[in-house]
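Chain and residue survey
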Amino acid sequence: MSFINALIQRRTYFETFDLLLDLVVGTLWFTVFTTLIATGASLLITLVGLPILTATFYLARAAAHGERARVRLFLGAHIAAPVYKPPKTNGLWHRLIAPFADRTTWKEVGYVWAIQPVLGVVNFTVALTAWAVPLWAITLPIYAVRWHSASPQIWSGRTLDTWHEVIPVAVAGVIALPLVPWIIRAFATLDRAAARWGLSPSKVTTLRETQARSVDIALADRRQIERDLHDGAQQRLLSLGMELGMALEKFDSDPDGARGLVGDAHAELQRAIAELRNLARGIHPAVLTDRGLDAALSALAARSPLPVRLDVQMAERPPASVEATAYFIVAEALTNAARYANAKAVDVRVRRQGDKLHIEVADDGVGGAEERPGGGLAGLADRASSVEGSLRITSPTGGPTVVAADLPCA
């Protein structure tokens, strides 16, 4: 039934419209960019050519942005927008040549100028033919045969001249029609793959962004550790030193008072040790290194103020960096659920699926969580992207909130 149900699914007609639209868009981009590039290149000897080519490359960025939106709307594929390489300085010269030094922009120009027009011709032809031929065959008896002398006749000069010849064509059309959505999906998949290649950030740009995020995360972690040490354990150790100094002065004159101060100092020492232990556990718990992610998450769930249902299934341990990132994502999601979501329980699922580690943390709270710049959820996205992973947050008002991440293990 699913084979036939594809005929009534919205996806089929969205993809058909996208394939037909490819010809219009491809012709438009080919005309515009051929004109601009030819004009700019021919005028390079003057002062006019370079600004025209620069404007052309910026237009290619805008066109690529529109293509990403079209792919997301009609083909259901989300392509991350790149972060373009900025000019070295704010001078006019560096701003003019900045697009030419960006690899991603060159990919976008190649896609909208060369790849998209070719795909447009192919996709339009295939989509139109795939729908037109079965529909023509099915409707052939309606418009091709007329009654003449008590027998059906075809129009003069046609090959099909009887019902016995027309009906098999109609039956063939009925049989072929359910195949059309799958032809459309095959070429939509090709279109989607070409868009991912041409519109995704270049590998060099991605690696540069990943490196920058990793450095930023490391600096943020260091500042957080310094802040926690200064506000917590360091203050307790200073208090401990003062109490021991006061006890030392009272050993001869007031032994009972000195004993009380030593007792207070001992309690302060225990609190400082507990804070340092919690701080070390937050940085990288020893159980994560020794026994892996399953055991570390079990310990994390046991310390959570909310009931946590944990489901971890991994045939083998992922790399250490992925384990640490996964642990941090789950820990931060549990903290947010306890503090802000007003949740009653949390479900944590971790699966190793091929070369990816899939993580899902769902709570039954009030929802409404958003990824704001500088916020905790934005930090989770940065953590995931630092290992070339991705993170998605679904949190409608009223709940539930679902934090899902896919981390590559290869």
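Look above for the structure.
Figured I'd write up the structure that's included with this text. What you see is a predicted model; the values in this text were computed from it and never measured. (Residues numbered from 1 in each chain as written. Predicted model: local features only at pLDDT ≥ 70, side-chain atom pairs only at ≥ 80, totals over all residues. Heavy atoms only, no water.)

**Re helix α7 (residues 180-199)**
Stated precisely, the cut-off is as follows: Helix and strand definitions follow DSSP, with helices as H or I runs of at least four residues and strands as E runs of at least two, each counted in order from the N terminus. One fewer than the residue count of a helix, multiplied by 1.5 Å, yields its expected span. Throughout this description, buried means an accessible area under 20% of the type-specific maximum (1.4 Å probe, protein chains only), exposed means over 50%, and partly exposed covers the range between.
In this model α7 runs 28 Å from its N-terminal to its C-terminal C-alpha over 20 residues, within 8% of the 28 Å that 1.5 Å per residue would give. Among all positions in α7, only V180, P181, I184, R185, A188, D191, R192, A194, A195, G198 and L199 are buried.

**Some thoughts on a nonpolar patch on the surface**
Counted only if it meets this: For patches, a residue must show more than 30% relative accessible area and have no salt bridge; joins then use 9 Å for like charges and 5 Å for nonpolar side chains, namely Val, Leu, Ile, Met, Phe, Trp and Tyr. Per-residue and other accessible areas follow the Shrake-Rupley method at a 1.4 Å probe size, with only the shown protein chains counted as cover for residues. Criterion for a salt bridge: a side-chain nitrogen of Lys or Arg within 4 Å of a carboxyl oxygen of Asp or Glu.
A cluster of nonpolar residues, L244, L248, F251 and V262, forms a patch on the protein surface that exposes about 370 Å² of accessible area. Along the polypeptide, L248 turns up in helix α8 (residues 203-250). For L248, a relative accessible area of 59% gives the class exposed.

**Focus on helix α2 (residues 10-42)**
Over its 33 residues, α2 runs 47 Å from end to end, which matches the ideal 48 Å to within 8%, given 1.5 Å per residue. For α2, the complete set of buried residues consists of T12, E15, T16, D18, L19, D22, V25, G26, W29, F33, I37 and G40.

**Looking at the sheet that holds strand β7 (residues 401-408)**
Applied cut-off: If DSSP finds at least two bridges between two strands, the strands pair. Whenever a helix is involved, its axis is fitted only over the stretch in contact; in every case the axis is a line through C-alpha atoms, and angles between N-to-C directions fall within 0 to 180 degrees. Any two residues whose heavy atoms approach within 4.5 Å are treated as being in contact.
Spatially, β3-β4-β5-β7-β6 is the arrangement adopted by the 5 strands of the open sheet, whose pairing is mixed. The sheet terminates laterally at β3 (308-313) and β6 (390-394), the two strands that pair on one side only. The average angle at which neighbouring strand axes cross in this sheet is 10 degrees, direction not considered. Of the strand pairs in this sheet, strand β5 (residues 356-363) and β7 are connected by 8 bridges, and their pairing is antiparallel. Looking at β7, one finds that E360 is bridged to A404. Packed on one face of the sheet, helix α11 (residues 293-303) meets β3, β4 (346-353) and β5 and runs near 180 degrees to β3. Against the sheet, helix α12 (residues 320-339) engages β3, β4, β5, β6 and β7, with an angle of about 10 degrees to β5.

**Points about the environment of R349**
Here R349 shows up in strand β4. Along the primary structure R349 and A362 are separated by 13 residues, whereas in three dimensions their C-alpha atoms are 8.6 Å apart. Excluding anything up to four places from it in sequence, R349 contacts D311, H358, I359 and E360.

**What to know about the environment of E316**
With respect to the helices and strands, E316 occurs in the loop between β3 and α12. Separated by 24 residues in sequence, E316 and G292 have C-alpha atoms that sit 9.7 Å apart.

**A few points about the side chain of T12**
In this structure, T12 sits in helix α2. Judged by relative accessible area, which is 0%, T12 ranks as buried. Contacts of T12, omitting those with residues within four sequence positions, involve A6, W131, P181, I184 and R185.

**Some remarks on the environment of A345**
Locating A345 in the fold gives a position in the loop between α12 and β4. With 36 residues separating them in the primary sequence, A345 and R309 have C-alpha atoms 7.8 Å apart. Non-local contacts of A345, meaning those with residues more than four positions away in its chain, are made with P307, R309, A362, D363 and D364.

**Looking at the packing of α2 against α7**
In helix packing, the relevant descriptors are the interaxial angle and the interaxial distance, both defined with respect to the helix axes. Rule in force here: Throughout, the term roughly parallel applies to angles under 35 degrees, roughly antiparallel to angles over 145, roughly perpendicular to angles from 65 to 115, and oblique to all others. Handedness of a crossing is defined here by the sense of rotation of the near helix relative to the far one, left-handed for an anticlockwise turn of less than a right angle and right-handed for a clockwise turn.
Between α2 and α7, whose axes approach to 9 Å, the crossing angle comes to 55 degrees. Judged by the inter-axis angle, α2 sits oblique to α7. Note that α2 runs across α7; the crossing there is left-handed. Within the contact between the two elements, α2 uses R11, T12, E15, T16, D18, L19 and D22 and α7 uses P181, I184, R185, F187, A188, D191 and R192.

**Considerations on the packing of aromatic side chains**
Applicable threshold: Note on aromatic contacts: the rings of Phe and Tyr and the six-membered ring of Trp form a pair at centre separations within 6.5 Å, being stacked when their planes are under 30 degrees apart, edge-to-face when over 60 apart, and tilted otherwise. Put simply, a charge is over a ring when the Lys NZ or the Arg CZ is close to the ring centre, within 6 Å, and near the line of the ring normal, within 35 degrees.
The tally for this structure, following the rule as stated, stands at 6 aromatic pairs. Between F57 and W106, the ring centres sit 4.9 Å apart and the planes meet at 80 degrees, which makes this aromatic pair edge-to-face. Of this pair, F57 sits in helix α3 (residues 49-75) while W106 sits in helix α5 (residues 103-144), placing them 49 residues apart in sequence. Residue F57 is classed as buried on the basis of its relative accessible area, which comes to 5%. Ring-pair connections join several aromatic residues into one group, and the members of that group are F14, F17 and F74. Sitting above the plane of the W197 ring, K107 keeps its charged end 5.6 Å from the centroid. Lying across the ring of W182, R185 places its NZ or CZ 4.9 Å from the centre.

Remember, this is a structural readout, not a statement about activity or role.
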